[in-house]
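Residues per chain, in single letters:
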Amino acid sequence: MKHKAGAHSCTASVLILILTYLLLTVPGYAGVTGKISGIVTDLETGDPLVGATVRVESTNLATTTDEDGEYFIIGVPVGKYNVSVTHVGFENIIKKGVRVLLDLTTPVDFDLVQMTIQLDQEVVVMAGEPLIKKDLTESKVIFTADRLRNLPNIVSVQAVLNNYPGVVIDGSDQLHVRGGRSGQVTYYYDGFSVEDPFVLNSGIRIMPSALEELSLTSGGFTAEYGDALSGIVSAVTREGTQQYHGSIRTYEELTHPYMLDEADWGSLDNLGDRSLSFDISGPIPGLDSRRYTFFGAGEYLRQTGSLPHNWGTAYTGIAKITVRPTNNLKLKTNLTYYEADGAVYDHRDVNGVSFDFNLDGLPLFEKKAYLAGVSGTYSVSSSTIMSAHLNHFMTRTHSAPQHLMGKHWSEWPGYPDEIYLDNYGNGLSTSDPYEIVGFAMGDRYDPTYRFRETKYNSASVNVVSQIDKVNQIKAGFEYRRYDVFWDFKQFYNVNPYGETYSSKPVYGSFFVQDKIEYRDFVINAGMRYDYNNSDISYNSTPEDTVAKWVKATSKSRWSPRIGMSFPISEKSVMHFNYGIYFQAPAFTYLYTNLQGDISSGLPLLGNPELEPEETISYELGLDHLIGDHLRLDVTAYYKDIQNLVTTRELQALDNLTVTKFENEDYGSVKGVDLALEYLPGDNLLSGSISYGYMIATGIGSDALEPYYTYITDSRDTLPPLKEYALDFDQRHTITAVADFRVPRHYQKQLLGVSVPDAWGLTAVGYYGSGLPYTKTDVNGNRINERNDSRLPANYRVDMRLNKDFYIGKGDNFLTLFIEVDNLFNRRNILNVYSSTGRPDYDSYTPQGGLALDSQQLADLDRLYDHDPLNFSLPRTVRIGTEFNF
């Protein structure tokens, strides 16, 4: 026995040394904790109880009440806990199911009953979640693990966020929040930034089934969060537990495949789409279960979908280890790995050529990403916590024609002169009906090569101190060093365009904020500083034969933030916030064509001197409880957006039209969100309905919009002089959620028939008014005002039905479920041809020779015009099972 104990002790010591070494020696961290506070009183007299011990069960977090009977516990990891209180001469009480939310305070008050005789027993009560969050000074929607489990269509984070008012998914499947452009949302995963700075999107897959909490803050985010204009997405995975828990989940997916030769969708079919995932948590075997725990999760995901040549296979793995060597020190590691490959479908390329009958000519893709992070938290005292965080993040994406994957573009057959000629320059056949219409046949392929890779190392230090019962000070800084590489080449014209570059930009930030919590109001006030250094030189004289290289200057900004919430009655809380937000431009805008090459077709110049984009935001909201089960939330907001990146035509150089990225776009957004939520309580039915009204205007929807306009439109050669409705200006959105859930051991009858227990039905309905588009003639020239036409409105209903079968008297259970996306198989129109306003007709009629069958040409033209990407996805059904233990 002594030998075993020694071995275990040795193993634990080695583990602690490794984690501590990594933390102290290896160089965007945001919080992943919340706070519990409250008051302990004598139930009979109402007097505060001094010296009562309040403990978060299954953790080493505890404190005692002060002279006013009040207490607080900071640094509580996001999750659900049991909170207990003990005091000499009083009954012990445990409140079960206390939910701690990210960056918020959970109030937990206790009323203790005196005992004349000390008994070894305790009172257990179920804790209810606060109906109104009095310290919420921003607009924030929170999806806990319990809520995520019952929602349909949670295959991806974006699918979950689509249920939030103010979120718009455009025709290109890009996410917009409250009238912002795509790419203006920053993603935090377990507190670490996982942004791909080239495309400003999440660079790694986030498994919804592994999350403890997923939240979207769309207005008023505090000084702790930066480098975002529209929103902050925070995903927090579960931590290890002292007992073993886990689940295994699998499903098969059916959908309606798109048939290219009929330009229509077929009947419901199994195309091989499936998923298998698991998660497990518990103590590390052989070590103290209170101090050494782990959480692991994995997923295999195969998605083919309804479109041809559009499959993807992904593998995701998560491993977390938590070590508590002392009561004051907590060390945690996080390793997440993601790998995917697949195919990309596109109905037409930029030259209007379709590969629908030559799918091997379309590209394949490969993705890989991983996050390795170490964090340490040290409790200096019960009121002060210091934390340090180190991580390394990598994300890589590569795509190329199917038969050329693995070959660099410089190694392609026919490079450099024959690639364009073989695919476009020699012209399509004048005798093949398919090629006359616009279909590429034979050996033709989409000649585009893409490779991008981003790595970064970061180090950050945060301090949280509850300096008194009112003020919680939080401060921190972060240093992030990138290593980026870009290699791109396209052969769409006689002068192929492409470039290769690498850089090691630096990002730094510092923030300080004070959360002032009184019973009558809460204030979040802070200041943030962001620093960006692109670490690149560029040719400042592209028109000259001799390049003049200039080093780009660094950029920095201060941004103040303030938010306030205050109750106006026992059931009503108002909040207000104001903030200035900055975001560095995407790396592609900075680094494109730094050598100043204007000899390629349609030359475009990057601009390393771009300033950060800016948003000034105002928000006012009311949260009101109507009765005991109905909550109303009303929020009005306004955003003034400046310094957006766009493209502007330079004075002609050598008789060429040259375009460059500049900070010259601006816009404004105003809107109102209303949400009415029916809280479950003891009822079987709960739900919500939300309505969003928004007006998003500006002089440009995308940085590259003018660049493509200059190419196709002879009329719009100058920037707009007035704001117009942006491409994502969706005026009206409605989301309704209904959840009917029968708990375990339910024993009631309906019409004389016993109602089965442990099952639930959730339905989610969505309506969105039509997005705007600009009408043009057949040559692409604008006819009327910009975006003066609208697409039809779209709607969708998703549902999930599940039944739980408990095994024995414990908590182990098997779930059978069925999920249906787009229940009514609605064909929503996402895009149209600007010359006709239709999704399946572009007004161009091909002309063939006399020997060709005109009916065959007409039939092929119909297939060519019918772009399935102009329509929403058809009905999808997932049938699966999940075992929880």
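On a predicted model such as this, the values are computed, not experimentally measured, just so you know. (Residues numbered from 1 in each chain as written. Predicted model: local features only at pLDDT ≥ 70, side-chain atom pairs only at ≥ 80, totals over all residues. Heavy atoms only, no water.)

A. Representation of the overall build of the chain within the structure. Scanning the chain for helices and strands turns up 8 helices and 51 strands. Taking 29 Å as the expected radius of gyration for a compact globule of 885 residues, we find that the chain reaches 29 Å, a close match to that expectation. Judged by the C-alpha coordinates and their principal axes, the chain covers about 105 × 75 × 65 Å. Expressed as a percentage of the 885 residues in the chain, the buried residues total 54%. (Helix = DSSP H or I, 4+ residues; strand = E, 2+ residues; numbered from the N terminus. Rg over C-alpha atoms; globule rule 2.2 N^0.38 Å. Buried < 20%, exposed > 50% of the residue type's maximum accessible area, 1.4 Å probe, protein only.)

B. The arrangement of the sheet that holds strand β10 (residues 139-144) in detail. Strand order in the open sheet formed by 5 strands is β10-β17-β18-β13-β14, with mixed pairing between adjacent strands. Here the strands that pair on one side only, and so sit at the sheet edges, are β10 and β14 (192-193). As paired strands, β10 and strand β17 (residues 211-219) are joined by 6 bridges and run antiparallel to one another. Each bridged residue has a counterpart across the sheet, and for V141 the counterpart in β17 is L216. (Pairing = 2+ DSSP bridges.)

C. Seen up close, unusual backbone geometry. Put simply, Y415 and P416 share a cis peptide bond, and its omega is 5°. Its place among the elements puts P416 in the loop between β27 (384-401) and α4 (418-425). A positive phi angle, near 65°, is found at D103, a position not held by glycine. Structurally, D103 can be placed in the loop between β6 (92-100) and β7 (105-107). Since its relative accessible area comes to 22%, D103 is described here as partly exposed. In this structure, A758 takes a positive phi of about 60° despite not being glycine. One can find A758 in the loop between β45 (753-754) and β46 (759-768).

D. Region of interest: the pairing of strand β49 (residues 794-806). In terms of strand pairing, β46 meets β49 through 10 bridges, oriented antiparallel. Its bridge partner lying in β49, V764 is registered against D798. Bridging between β49 and strand β50 (residues 813-821) involves 8 bridges; their strand directions are antiparallel. From the neighbouring strand, R800 faces β50, where its bridge partner is E819.

E. Up close: a nonpolar patch on the surface. A cluster of nonpolar side chains, contributed by I626, L676, I689, I734, Y767 and Y795, occupies part of the molecular surface with about 470 Å² of accessible area. Examined against the element boundaries, I626 turns out to sit in strand β38 (residues 613-626). Of the residues examined, I626 reaches a relative accessible area of 37% and is grouped as partly exposed. (Patch = residues over 30% accessible without salt bridge, like charges linked within 9 Å, V, L, I, M, F, W, Y side chains within 5 Å. Areas by Shrake-Rupley, 256 points an atom, 1.4 Å probe, with all protein chains shown as cover. Salt bridge = Lys/Arg side-chain N within 4 Å of Asp/Glu carboxyl O.)

F. Structural detail: helix α8 (residues 854-865). Spanning 12 residues, α8 covers 16 Å between terminal C-alpha atoms, matching the ideal 16 Å at 1.5 Å per step. Among the residues of α8, those classed as buried are L857, L860, D861, L863, Y864 and D865. Where α8 is buried, its residues meet α5 (433-437). (Expected span 1.5 Å × (residues − 1). Contact = heavy atoms within 4.5 Å.)

G. How the structure looks around the nonpolar core. L214, V233 and Y591 are the most contacted members of the largest nonpolar core, which has 67 residues in total. Leave out the neighbours within four places in its chain, and V233 touches V157, L161, V185, T186, Y187, Y188, L214, S215 and L216. If you look at the next biggest cluster of nonpolar residues, it comprises 31 residues, including I419, A440, Y445 and L860. (Core = buried A, V, L, I, M, F, W, Y, C linked by side-chain atoms within 4.5 Å.)

H. Fine view of the side chain of S617. Turning to its location among the elements, S617 is positioned in strand β38. Setting aside residues up to four positions removed in sequence, S617 forms contacts with N577, Y578, G579, Y581, Y638 and K639.

I. Here's a closer look at the pattern of salt bridges. The final tally for this structure, using the stated rule, is 47 salt bridges. E299 is the salt-bridge partner of R205, the closest N and O atoms lying 2.7 Å from each other. Taken together, the residues span a long stretch of sequence, with R205 in the loop between β16 (201-202) and β17 and E299 in strand β23 (residues 292-303) at a distance of 94 residues. As far as burial versus exposure is concerned, R205 and E299 are alike and both buried. R648 is paired through a salt bridge with E664; the nearest N and O atoms lie 3.1 Å apart. Taken together, the residues span a long stretch of sequence, with R648 in strand β39 (residues 630-649) and E664 in strand β40 (residues 659-678) at a distance of 16 residues. Given a relative accessible area of 8%, R648 falls into the buried group.

J. Highlighting the packing of aromatic side chains. A full pass over the atoms with the stated rule returns 37 aromatic pairs. Between F393 and Y456, the aromatic rings sit 5.7 Å apart at their centres with planes inclined by 50°, giving tilted as the arrangement. Here F393, found in strand β27, pairs with Y456, found in strand β28 (residues 448-466); they are 63 residues apart in sequence, far enough to count as distant. With a relative accessible area of 0%, F393 lands in the buried category. Three or more aromatic residues joined by ring pairs form one cluster here, namely F198, F393, Y456, Y482, W486, F488, Y497, Y501, F587 and Y591. When the ring centre of F110 is taken as origin, the NZ or CZ atom of K95, which lies over that ring, is 5.3 Å away. The positively charged end of R480 is found above the aromatic ring belonging to Y456, 5.2 Å away from the centroid. (Phe/Tyr/Trp six-rings, centres within 6.5 Å; stacked < 30°, edge-to-face > 60°. Lys NZ or Arg CZ within 6 Å of the ring centre and 35° of its normal.)

K. Local environment of the confidence of the model for the chain. Averaged over all residues, the pLDDT of the chain is 89; the fraction at 70 or higher stands at 93%. Under a pLDDT of 50 for its full length, residues 1-9 has, in the predicted model, 2 contacts with residues more than four places off or in other chains. Predicted confidence for residues 11-28 stays below pLDDT 50, and this span has 40 contacts to residues more than four positions away or in other chains. (pLDDT = per-residue confidence, 0-100.)

L. Representation of the environment of T293 within the structure. Tracing the chain through its elements places T293 in strand β23. For the pair T293 and V56, spaced 237 residues apart in the sequence, the C-alpha separation amounts to 17 Å. Other than its neighbours up to four places away in sequence, T293 contacts G240, T241, Q242, G282, P283, I284, K320, I321, T322 and R324.

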